[in-house]
Amino acid sequence: MFDKVSQDVPSFGALPRRAWTALGILELVCTVGLIVPDALHWQPSLTILAASVLAVESLVFVGVHVKYREVTPTILSGVLGLLMAFIAYGRILLQPIL
């Protein structure tokens with residue numbers, strides 16, 4: 001399926017398949033890190049770390065999509081990056097996790 005999708009989206013060629021797999025695993029780990037630490041009241045600072053990593057990753061993706069002139073993925077990555085940055089900001093300053 002990756003080969004079929006990569007033909008339709010030029011920016012998929014920016015990284016090798018193993019890199020995309022590693023990024024997918026990183027995103028899954030960070031997604032768990034957004035929810036589980038706060039829900040279990042265990043190491044809640046991991047939520048800040050996960051949101052920050054996802055915000056930086058989204059920023060990198062915005063750059064890649066701009067390079068390939070892909071409008072929709074650029075907007076999607078930008079919105080998700082802003083959301084992750086807001087979560088990190090909110091957990092650091094607005095409602096700190098102790």
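Parameters at a glance
- Residues numbered from 1 in each chain as written.
- Predicted model: local features only at pLDDT ≥ 70, side-chain atom pairs only at ≥ 80, totals over all residues.
- Heavy atoms only, no water.
- Helix = DSSP H or I, 4+ residues; strand = E, 2+ residues; numbered from the N terminus.
- Expected span 1.5 Å × (residues − 1).
- Buried < 20%, exposed > 50% of the residue type's maximum accessible area, 1.4 Å probe, protein only.
- Contact = heavy atoms within 4.5 Å.
- pLDDT = per-residue confidence, 0-100.

A. Broad picture of helix 4 (residues 71–94). Between its first and last C-alpha atoms helix 4 spans 32 Å; for 24 residues at 1.5 Å apiece the expected length is 34 Å, and the two agree. Of the positions making up helix 4, those classed as buried are Thr74, Ser77, Gly81, Met84, Ala88 and Gly90. Looking at the packing, one finds that the buried side of helix 4 touches helix 2 (17–40) and helix 3 (45–67).

B. Looking closely at the confidence of the model for the protein chain. Overall, the prediction assigns the protein chain a mean pLDDT of 90, with 98% of residues at 70 or greater. The secondary-structure element of the protein chain with the lowest mean pLDDT is helix 1 (residues 2–8), recorded at 74, while helix 3 shows the highest, at 95.

C. Local environment of the side chain of Thr74. Residue placement: Thr74 occurs in helix 4. Overall, Thr74 belongs to the buried group, its relative accessible area being 17%. Apart from the residues lying within four places of it in its own chain, the contact partners of Thr74 are Val62, His65 and Val66.

D. Highlighting the environment of Phe12. One can find Phe12 in the loop between helix 1 and helix 2. Taking the relative accessible area as the measure of exposure, Phe12 reaches 21% and is therefore partly exposed. Spatially, the C-alpha atom of Phe12 lies 9.3 Å from that of Val64, the residues being 52 residues apart in sequence. Setting aside chain neighbours within four positions, we find Phe12 in contact with Phe2, Val5, Ser6 and Trp20.

E. View of helix 3. A rise of 1.5 Å per residue sets the reference length of helix 3, with its 23 residues, at 33 Å; its end C-alpha atoms lie 34 Å apart and thus fit the reference within 8%. When helix 3 is considered as a whole, its buried residues turn out to be Thr47, Ile48, Ala50, Ala51, Leu54, Ala55, Glu57, Ser58, Phe61 and His65. In the core, the buried residues of helix 3 are packed alongside helix 2 and helix 4. Phi turns positive, to about 55°, at Arg69, one or two residues after helix 3.

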